[in-house]
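# Inside the fold
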Amino acid sequence: MLEQLKEEVFNANLDLPKQGLVKYTWGNASAIDRESGLFVIKPSGIDYETMKPSDMVVIDLDGNVVEGDFRPSSDTATHAVLYKHYQEIGGIVHTHSTWATIWAQAGLDLPAMGTTHADTFYGSIPCARYLTQEEIDRGYEAETGNVIIETFEERGLDILAIPGVLLHGHGPFTWGKDVHSAVMNSVVLDEVAKMNLFTRELNRFSEELPQRILDKHYLRKHGKNAYYGQK
Ligand SMILES: O=C(CO)[C@@H](O)[C@H](O)COP(=O)(O)O
């Protein structure tokens, strides 16, 4: 099981540069095996060109390395906190993708301005606040996970309806039922971040997508009377 998960996580990490979401060794993808409670993540700082499936690192939910020759991603503790808190999440991706990171650096939520957004995210993608010094002193990566949870709980957001977040001054995290879905959500997030930026430039008075259109597109794909895939 874990060998297959290593293969899946390896391929998901290779997708990040392929999709233009990362440069150098930036970013990381992981996936969890809920039966064993172990997750697999990319090794830290290893070139995507030379990385192999056997280089993936196996971690338990307390963030301990169970198997692997390399140090796990520097963001491992963030992945662990999210997996521990949300049983529904099967895969997580973090990048510094250009267009999403522009919104993250500005500290702005990414509003739903079109159906491209609505097909994947059921509303604005929230931008989580900066960490406090105390939180940084306690452990930057784990507390980053806690601030993501705080953001969704304070706003009453469903993490499956909005499978992504921006971190102020940092970049995006996305997730999904598996790591492939998490990668797809990262691609869509970066694409709509680019579209929104230019939409706003084109018309500073553009309104957000009407709820009725958001409902139609999102619920058609994800909700009741799902349109796609009907026999
Ligand atoms: O967010 C960051 C650094 O700010 C990370 O995403 C690095 O860009 C990649 O770190 P590793 O996964 O290679 O440790």
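Within each chain, residue numbers correspond to sequence positions counted from 1 in written order. Only residues with pLDDT of at least 70 are given local features in this predicted model, and only at 80 or more are side-chain atom pairs given and counted; all residues enter the totals for whole chains, interfaces and linings. Where side-chain values are given, they derive from all heavy atoms of the structure, hydrogens and water being excluded.

## Thoughts on the overall build of the protein chain
Helical segments are the DSSP runs of H or I of at least four residues, strand segments are the runs of E of at least two, and each set is numbered from the N terminus. From N to C terminus, the protein chain includes seven helices and eight strands. Here the globule rule reads 2.2 Å times residues to the power 0.38, and the radius of gyration is calculated from C-alpha atoms. Taken against the 2.2 N^0.38 rule, which gives 17 Å for 231 residues, the C-alpha radius of gyration of the protein chain at 17 Å falls within 12% of a compact globule. Here the C-alpha coordinates of the protein chain stretch approximately 55 × 50 × 35 Å along the principal axes. Residues classed as buried in the protein chain amount to 49% of the 231 residues present. Element-wise, carbon and sulfur atoms account for 51% of the exposed surface of the protein chain, whose accessible area totals about 11500 Å². Each charge sign in the protein chain was given a centre, from 21 positive and 33 negative side chains, and these centres are 7 Å apart. Residue burial is assigned from relative accessible area. The probe radius is 1.4 Å, only protein chains are included, and a residue is buried under 20% of its type maximum, exposed over 50%, and partly exposed in between. Working definition of accessibility: Shrake-Rupley area with a 1.4 Å probe, residue cover restricted to the visible protein chains. Positive charges come from Lys and Arg, negative ones from Asp and Glu, while His and the chain ends are left out of the count. Charged groups are reduced to one reference atom each: NZ for lysine, CZ for arginine, CG for aspartic acid, CD for glutamic acid.

## Notes on the site of the ligand
When we say a residue is near a molecule or strand, we mean one of its heavy atoms is within 4 Å of it. Taken together, 13 residues are adjacent to the ligand, and Ser-44, Gly-45, Ser-73, Ser-74 and His-96 come closest. Here an oxygen atom of the ligand and a backbone polar atom of Gly-45 are 2.8 Å apart. Polar contacts here mean pairs of N or O atoms no more than 3.5 Å apart (in protein, one a potential hydrogen donor and the other a potential acceptor; neighbouring residues in sequence count only if both atoms are side-chain atoms). Measuring from an oxygen atom of the ligand, one finds a side-chain N or O atom of His-94 at 2.9 Å. Starting from 380 Å² of accessible surface for the ligand in isolation, the protein chains cover 81%.

## Quick word on the environment of Val-188
For Val-188, the position within the fold is in helix α6 (residues 179–202). A sequence separation of 71 residues divides Val-188 from His-117, and the C-alpha atoms of the two residues are 7.4 Å apart. Only heavy atoms matter for contacts: two residues are in contact if any of them lie within 4.5 Å across the pair. Not counting chain neighbours up to four residues away, the residues in contact with Val-188 comprise Thr-116, Thr-120 and Phe-121.

## What about the nonpolar core?
Residues Leu-110, Ile-148, Phe-152, Leu-166 and Trp-175 are the most contacted members of the largest nonpolar core, which totals 35 residues. Those residues in contact with Leu-166 that lie beyond four places of it in its chain are Ala-100, Trp-103, Ala-104, Leu-108, Leu-110, Ile-125, Pro-126, Cys-127, Ala-128, Gly-171, Pro-172 and Leu-189. Only buried residues count toward a nonpolar core, which is a set of Ala, Val, Leu, Ile, Met, Phe, Trp, Tyr and Cys residues joined through side-chain atoms within 4.5 Å. Judged by nonpolar contacts, the second largest core, of 22 residues, contains Val-22, Ala-31, Val-93 and Ala-182.

## Regarding the pairing of strand β5 (residues 91–94)
On β5, burial covers both faces: Gly-91 and Val-93 on one face and Ile-92 and His-94 on the other are all buried. The pairing of strand β1 (residues 28–33) with β5 spans four bridges and is antiparallel. Paired with Ser-30 across the two strands is Ile-92, which belongs to β5. Sheet topology note: the β5/strand β8 (residues 172–176) ladder contains four bridges and is antiparallel. Bridge pairing in β8 places Gly-91 opposite Gly-176. Only strands that DSSP links by at least two bridges are regarded as paired with each other.

## Things to note about the environment of Ala-142
Examined against the element boundaries, Ala-142 turns out to sit in helix α5 (residues 133–155). Residue contacts for Ala-142: discarding those within four places in its chain leaves Ala-77, Thr-78 and Val-81.

## A look at the packing of aromatic side chains
A ring pair, where both rings are aromatic, is described by two values, the distance of the centres and the angle of the planes. What counts as a ring pair is set by centres within 6.5 Å for rings of Phe, Tyr and Trp (its six-membered ring), and what kind of pair is set by the plane angle: stacked under 30 degrees, edge-to-face over 60, tilted for all other angles. For the coordinates displayed, the defined rule picks out five aromatic pairs. Judged by centre distance (5.1 Å) and plane angle (45 degrees), the rings of Phe-39 and Tyr-83 are tilted. Of the two residues, Phe-39 is situated in strand β2 (residues 38–41) and Tyr-83 in helix α2 (residues 76–85); the sequence distance between them amounts to 44 residues. On the basis of relative accessibility, which here comes to 0%, the residue Phe-39 falls in the buried class. Considering the side-chain rings of Tyr-122 and Tyr-218, the 4.7 Å spacing of their centres and the 20 degrees angle between planes classify their relative orientation as stacked. One end of the pair, Tyr-122, is in the loop between α4 (115–118) and β6 (127–128); the other, Tyr-218, is in helix α7 (residues 211–222), and 96 residues separate them in sequence. Classification of Tyr-122 as partly exposed rests on a relative accessible area of 29%. Taking relative accessible area as the criterion, Tyr-218 reaches 8% and is therefore assigned buried.

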